[in-house]
Amino acid sequence: MTPRTRTSDLAALVAGLPHSQRRGSRARCVLLTHGTELRVADRLSALAAPALVVSASDHWAPRGFADIREVTLGACPEEMLAAGTQARLTRWWLASRGRLPTWDLVSTGRADGRPALLLVEAKAHAAELDAGTRSGVAAANRETIDRALDEATAALAAALPGWDLRRAPYQLANRIAWAWKLASLGIPVVLVYLGFLHATEMSDRGAWFLSHAEWDEAVKRHGARGVPAEAWGMRLPVGDGWLQLETRSTLLPLPLPCPRCGGQLRWIVYGMPSPAMAAADGGGFVLGGCCTDDGMPTHTCEKCGVRMNLDGHAGLAL
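The paragraphs below set out a description of the structure included in this document. (Residues numbered from 1 in each chain as written. Predicted model: local features only at pLDDT ≥ 70, side-chain atom pairs only at ≥ 80, totals over all residues. Heavy atoms only, no water.)

### What to know about the side chain of Asn141
Next, step 1: Along the chain, Asn141 falls in helix α5 (residues 139–159).
Next, step 2: Among the residues examined, Asn141 registers a relative accessible area of 2% and is labelled buried.
Next, step 3: Side-chain polar atoms of Asn141 contact the backbone nitrogen of Ala95, separated by 2.8 Å.
Next, step 4: What Asn141 contacts, discounting residues up to four positions off in sequence, is Trp93, Leu94, Ala95, Ser96, Arg97 and Gly98. (Helix = DSSP H or I, 4+ residues; strand = E, 2+ residues; numbered from the N terminus. Buried < 20%, exposed > 50% of the residue type's maximum accessible area, 1.4 Å probe, protein only. Polar contact = N/O pair within 3.5 Å; in protein donor to acceptor, adjacent residues only side chain to side chain. Contact = heavy atoms within 4.5 Å.)

### Topic: the pairing of strand β6 (residues 189–197)
Next, step 1: Among the nine residues that make up β6, nine are buried, leaving the element largely enclosed by the rest of the structure.
Next, step 2: Neither face of β6 is open: one carries Val189, Leu191, Tyr193, Gly195 and Leu197, the other Val190, Val192, Leu194 and Phe196, and all of them are buried.
Next, step 3: Here seven bridges tie strand β5 (residues 114–123) to β6, and the two strands are oriented parallel to one another. Across the sheet, Leu118 pairs through a bridge with Val190, a residue of β6. (Pairing = 2+ DSSP bridges.)

### Observations regarding the sheet that holds strand β8 (residues 241–251)
Next, step 1: Here six strands make up an open sheet; going across it, the order is β1-β4-β5-β6-β8-β7 and the pairing mixed. Whereas interior strands pair on both sides, the edge strands pair on one side only; in this sheet they are β1 (60–61) and β7 (235–238).
Next, step 2: Across nine bridges, β6 lies against β8 in parallel orientation. Each residue of the ladder has a partner; that of Val192, found in β8, is Glu246.
Next, step 3: Where helix α6 (residues 170–184) meets the sheet, it contacts β5, β6, β7 and β8, and its direction lies at approximately 150° from that of β6. (Axes fitted to C-alpha atoms, helices over the stretch in contact; angles between N-to-C directions.)

### Notes on the environment of Ala27
Next, step 1: Structurally, the position occupied by Ala27 is in helix α2 (residues 24–32).
Next, step 2: Its relative accessible area of 0% is what places Ala27 among the buried residues.
Next, step 3: Expressed as a C-alpha distance, the spacing of Ala27 and Val14, which sit 13 residues apart in the sequence, is 6.9 Å.
Next, step 4: Apart from residues no more than four positions distant in its own chain, Ala27 is found in contact with Leu17, Gln21, Arg22 and Leu254.

### Quick word on unusual backbone geometry
Next, step 1: Look at the link from Ala49 to Pro50: it is a cis peptide, with omega at -5°.
Next, step 2: Looking at the element boundaries, Pro50 is found in the loop between α3 (37–48) and β1.
Next, step 3: The omega angle of the peptide bond from Ala61 to Pro62 is 0°, so this bond is cis rather than trans.
Next, step 4: As for its position among the elements, Pro62 is in the loop between β1 and β2 (71–72).

Written out as structure tokens, the structure is:
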């Protein structure tokens, strides 16, 4: 996104996404990687800082609205990962034909003067943390995956006690195991769990995140059964490489243009706010007061201040 990109133009691009991808973390990952190579590289570097730097010549997926596809590390461009390494990873994870973990965002970069990878798992509401199960995984693949998880657990526990990826939620476990395996092959890896704050449009699916502290606590609580809390933010040595886990958050409102001036509309939230919500007022939403009634405005424009009731939307109530 450049400063000259109009809200209405971005809104039109979002509207062109498949219907199920027009909100939440998926739409925001596309927005995050939309724009000039230099701007996107700066955003991705900020996610991985200070451990890893992404430059304009690096490769990432998705690539904004030009190519919205997510990738696996067994079927990605060779500019990201050598074909032989992809095949080796696939054999390590699967005994027979099956699905590999799909990443919300992957980027090459450099760390300690050598090629590295940034892997991102993104969420926009609390229920998304529970996404990803073993349902549909063939028995032979379950055994191979369990061996991979055990291998990663043993190696990580040697650097920091308290790991048990078999007990951790499956999606979190497989993300960490893959990051560890890449590191064991000599590739420095930064694995970021990215929380998109104030994703108010997801209120029908689950609680949205108000602050980085809330997101950080949710991730650590989610992984408490198998991932030591102190592992987050710590560089873990792995053979000739290393693995660093990070929780990061950002405010990236979806474009919703004001029909009067073209500015960005914000949701209006009604009810008694918590202290954290009161402190966040004016970010991805504004507080509308404690009283609610039919027909009250659902949105307000941050530019001209007009309040309106948009058809098809409901004012958010606490």
